[in-house]
Amino acid sequence: ACDRICLLTDGPYQEPRLTCWYGELPYTYSRSTMQANPHWHPLLTMLKDRIEEVTAFSFNSLLCNLYRHDKDSIDWHSDDEPDLGRNPIIASLSFGETRVFQMRKKPPPEERGDYTYVERIHVPLDGGTLLIMEGATQSDWQHRVPKEYHDRRPRINLTFRTMCPETKA
């Protein structure tokens, strides 16, 4: 995994987990770009092939996340970047320590971004769990892996996805 410093309009910050990208195209999220990396490790290719076989979906890229301990996290977001296309399919494979994956429904426009009373789902992702996000998941929901307040051992999360560069505006 690669330790990344992300640059935002209000300055740089250290991403609170380690990440690495595999794919023929670069991937930009949170106003930060991971460069193309077509050099897949054979084990990652084998896992991708098996997930494609089980799900009948195909993937051409992979974002790897290493959550080293209980303080590593990713905040609320949707994987709705234009390069992922409309209604992207993401296959999330977990290894290692169980972490809670949280989802919250996006509020209707009249709520003006108030998430106070939205529906929430908490899913413990044990090692070996495969979670598929598809359909309107990214347009209707946000998700995160929050910091925790008790010791956690490392967790690896592999998120297989399909980049669709032709969807760029």
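Shown above is the structure to which this text applies.
Heads up: these notes are all about the structure in this document. Keep in mind the model is a prediction, meaning the values are calculated, not measured. (Residues numbered from 1 in each chain as written. Predicted model: local features only at pLDDT ≥ 70, side-chain atom pairs only at ≥ 80, totals over all residues. Heavy atoms only, no water.)

Here we look at the pattern of salt bridges
In step 1: Scanning all chains against the criterion turns up 11 salt bridges.
In step 2: We note a salt bridge from Glu53 to Arg50, for which the minimum N-O separation is 2.9 Å. Of this pair, Glu53 and Arg50 both sit in helix α1 (residues 42–55), three residues apart, which is roughly one turn of that helix.
In step 3: The exposure class of Glu53 is exposed, given its relative accessible area of 59%.
In step 4: The partly exposed category is assigned to Arg50, whose relative accessible area is 44%. (Salt bridge = Lys/Arg side-chain N within 4 Å of Asp/Glu carboxyl O. Helix = DSSP H or I, 4+ residues; strand = E, 2+ residues; numbered from the N terminus. Buried < 20%, exposed > 50% of the residue type's maximum accessible area, 1.4 Å probe, protein only.)

Re α1
In step 1: Spanning 14 residues, α1 covers 20 Å between terminal C-alpha atoms, matching the ideal 20 Å at 1.5 Å per step.
In step 2: Inspection of α1 places Leu44, Leu47, Lys48, Ile51, Glu52 and Thr55 among the buried residues, and these make up the whole buried set. An end-on view of α1 places all buried positions within 135° of arc, on one side of the element. Away from its buried face by more than 90 degrees, α1 exposes Pro42, Glu53 and Val54.
In step 3: Elements in contact with the buried residues of α1: β3 (18–23), β6 (61–67), β8 (90–96), β11 (130–133) and β13 (155–161).
In step 4: Where α1 ends, the next residue or the one after it, Ala56, has phi of about 65°, a positive value. (Expected span 1.5 Å × (residues − 1). Arc of directions from axis to C-beta. Contact = heavy atoms within 4.5 Å.)

Notes on the sheet that holds β8
In step 1: With antiparallel pairing, the five strands of this open sheet are ordered in space as β3-β6-β13-β8-β11. A strand with exactly one partner marks an edge of an open sheet, and here the two such strands are β3 and β11. This sheet shows a mean twist of 15° between the axes of neighbouring strands, independent of strand direction.
In step 2: Where β3 meets β6, six bridges bridge the pair, whose relative direction is antiparallel. Looking at the pairing, Trp21 lines up with Leu63 of β6.
In step 3: Against the sheet, α1 makes contact with β3, β6, β8, β11 and β13, and its axis sits at roughly 60° relative to β13, the strand it touches most. (Pairing = 2+ DSSP bridges. Axes fitted to C-alpha atoms, helices over the stretch in contact; angles between N-to-C directions.)

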